[in-house]
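Remarks on the overall topology
So you can see what is in the structure, the chains are spelled out below.
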Amino acid sequence: MTENRRNQQGQHLIEEMKKRASNINTSLLDPAMTKSDLDQVSEKASHCTAIVVAAYVTVSAYRGNVALAGNYPDFLNGLIAGKAPVTLVSLGNPYLIRSFPNVSAYLTTYSPTPPSETSVAKALFGEISITGRLPVTIPGIAQYGDGIQLPSSRTAQTGF
């Protein structure tokens, strides 16, 4: 879920995910998409056994908030209410979890850059350890220093 259709957010992440699982279903979304467009994506996702949603929500001057734009909140809540577990990855704003506390898992990078996207793919596929600790408190969700420690579970795949 990108912040607008005129940037490159998500492109690198999709490439990294497909290097690791060529048959993975992906959709690059932008906040100008209609509810009907997002309903089609939800239908496609309803057949998945697990869903990863990468949300790009960065902080910028004069924006007014750091929430998901457009029809994204209803779309994401619909996915969360479905049968497949949803992992929410926030590339930018660690506080996004406050709006979606019922996700199955949550990962935040604090950054929407390609190196962060690569790290997300590696973490999700167990190629690198997850060792982060929150440098902030997320009221009602997590305290400063909270986090999980998961060792890597496999080696990086190359040559794809």
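Let me sum up the structure you'll find in this document. Computed from a predicted model, the values in this text were never measured in an experiment.

What counts as what
Residues numbered from 1 in each chain as written. Predicted model: local features only at pLDDT ≥ 70, side-chain atom pairs only at ≥ 80, totals over all residues. Heavy atoms only, no water. Pairing = 2+ DSSP bridges. Helix = DSSP H or I, 4+ residues; strand = E, 2+ residues; numbered from the N terminus. Axes fitted to C-alpha atoms, helices over the stretch in contact; angles between N-to-C directions. Contact = heavy atoms within 4.5 Å. Salt bridge = Lys/Arg side-chain N within 4 Å of Asp/Glu carboxyl O. Buried < 20%, exposed > 50% of the residue type's maximum accessible area, 1.4 Å probe, protein only.

Here we come to the sheet that holds strand β3 (residues 105-108). Reading across the sheet, the 3 strands line up as β1-β2-β3 and stay open at both edges, with parallel pairing between neighbours. Because the sheet does not close on itself, it has two edges, and the strands there are β1 (51-57) and β3. Between one strand and the next, the sheet's axes are offset by a mean angle of 20°, whatever the strand orientation. Across 4 bridges, strand β2 (residues 86-92) lies against β3 in parallel orientation. Across the sheet, V89 pairs through a bridge with L107, a residue of β3. Relative to β2, helix α3 (residues 72-81) is tilted by about 150°, and along the sheet it contacts β1 and β2. Helix α4 (residues 114-124) rests against β1 and β2 of the sheet, and its axis sits at about 155° to β2.

Applying the stated rule across the entire model yields 4 salt bridges. Taking the shortest distance from any N to any O, the salt bridge between E16 and K19 comes out at 3.0 Å. Remark: K19 and E16 occur in helix α1 (residues 11-20); sequence separation between them is 3 residues, near one turn of the helix. Here E16 falls in the buried class, since its relative accessible area comes to 5%. D39 is the salt-bridge partner of K35, the closest N and O atoms lying 3.0 Å from each other. Of this pair, K35 and D39 both sit in helix α2 (residues 35-45), 4 residues apart, which is roughly one turn of that helix. Accessibility expressed as a relative area gives 38% for D39, which makes it partly exposed. Connected through salt bridges with shared partners, the residues E16, K19, R20 and E127 form a single ionic network.

Nothing here speaks to function; it is all geometry.
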